[in-house]
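# Architecture at a glance
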Amino acid sequence: MRIVVASTPDAVAAEAARLVLDRVRQRPDLVLGLATGLTMVPFYRALLVRKAREHVSFDGLRIFALDEYRGGRPEQPGSCRGFLERHVLQQLDVPSGQIHLLDGLAPDAEAECARYEELMARTGGIDVQILGIGGNGHIGFNEPGSSLESRTRLAPLSQATRQANARQWGGDPQAVPSEALTMGIGTILSARTCLLLAFGAGKAAAVQSAIEGPVTASVPASALQRHSDTVFLLDEEAAARLSRRE
Ligand code: GLP
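Residues numbered from 1 in each chain as written. Predicted model: local features only at pLDDT ≥ 70, side-chain atom pairs only at ≥ 80, totals over all residues. Heavy atoms only, no water.

## A look at the site of the ligand
The environment of the ligand is made up of 14 residues, and the closest members are Leu38, Thr39, His138, Arg167 and Lys203. In this structure, an oxygen atom belonging to the ligand sits 3.1 Å away from a main-chain N or O atom of Ile133. Residue Asn165 places a side-chain N or O atom 3.0 Å away from an oxygen atom belonging to the ligand. Against a free-state accessible area of 390 Å², the protein chains account for coverage of 95% of the ligand. Among the detected pockets, the ligand sits in the largest pocket. Here the residues of the shell around the ligand are counted per class, giving 4 nonpolar, 7 polar and 3 charged. (Near = heavy atom within 4 Å. Polar contact = N/O pair within 3.5 Å; in protein donor to acceptor, adjacent residues only side chain to side chain. Areas by Shrake-Rupley, 256 points an atom, 1.4 Å probe, with all protein chains shown as cover. 1 Å grid on protein atoms, 1.4 Å probe; cavity = no way out; pocket = protein on both sides within 12 Å on 5 of 7 lines; lining within 4 Å. Sits in = over half its atoms within 2 Å of the grid points. Nonpolar A, V, L, I, M, F, W, Y, C, P; charged D, E, K, R; others polar.)

Here it is as structure tokens:
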């Protein structure tokens, strides 16, 4: 595991964008897993700016979204699909047939998750998975207690996560769906490279437990300690509790 600390969220985002663009240049048909959450806003901004400046084409890329709220309609600003479309997908030259999203409205969630796992496998697996982290240590929508071997599935959301994500649902935690379809922790660990971004003091405790604590289902992000190519990209505040930075 590698730790990169930069002074501001924008500096972290720029470094993450640089890493992704390097990989796309090496492999124009890269399979990229994308996350949602406010942490991703500066990252997608930096990615789009650098991509334009450096004339990198994304038309060979394959994209998979990390998760989706159960019942989240695309036109709802809080839905992962809506978020990704607004912040990155609409501005990217990835053909729509190469963009894969979880359908939070699928009548059979289990079948939808199985379809997604199979599609990822057929595509050759995720090359680079972008991740944020919840204040409680969740990755994707794998809340504390999720199996470290879990695959894409329907999972319950904790009150803490519904509270934290309420700002994208008009401020009301009760308006946030209580379940989500999410790549599992095992699915995430199957990605060849994981890039986890975290900003702000509110993430410092989760980041410290994930990196320096035991590998435990109570802190889903700690599973990344078992992954051979993970980079934590942190601003100073998110890194504040770490006793080592390399
Ligand atoms: C959601 C997403 C996670 C993300 C987390 C952090 O719960 N499912 O993938 O890491 O939010 O969100 P934020 O970046 O807004 O703090």
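And the narrative resumes.
## Focus on the layout of surface pockets
One number sums up the size of the largest pocket: a volume of about 510 Å³. Lining the largest pocket we find 32 residues, and of these Ile133, Gly134, Asn165, Arg167 and Lys203 sit closest to its centre. Those elements that provide at least two residues to the lining of the largest pocket are strand S4 (67-69), helix H3 (80-87) and helix H5 (159-164). Examining the composition of the lining of the largest pocket, we find that 3 residues originate from one element, H5, more than from any other. When the residues that make up the lining of the largest pocket are grouped by side-chain class, the tally is 13 nonpolar, 16 polar and 3 charged. (Points joined across faces, edges and corners; volume = space filled by probe spheres on them. Helix = DSSP H or I, 4+ residues; strand = E, 2+ residues; numbered from the N terminus.)

## Looking at the packing of aromatic side chains
Aromatic ring pairs are defined here through the distance separating the ring centres and the angle between the ring planes. Throughout the structure, instances matching the rule amount to 4 aromatic pairs. When the ring of Tyr69 is compared with that of Trp169, the centres are 5.0 Å apart and the planes differ by 75°; the resulting orientation is edge-to-face. Taken together, the residues span a long stretch of sequence, with Tyr69 in strand S4 and Trp169 in the loop between H5 and strand S8 (179-182) at a distance of 100 residues. Across this residue pair, the class does not change: Tyr69 and Trp169 are buried. Feature note: the residues Tyr69, Phe141 and Trp169 constitute an aromatic cluster, connected by ring pairs. (Phe/Tyr/Trp six-rings, centres within 6.5 Å; stacked < 30°, edge-to-face > 60°. Buried < 20%, exposed > 50% of the residue type's maximum accessible area, 1.4 Å probe, protein only.)

Fair warning: the whole summary comes from geometry, so function is off the table for now.
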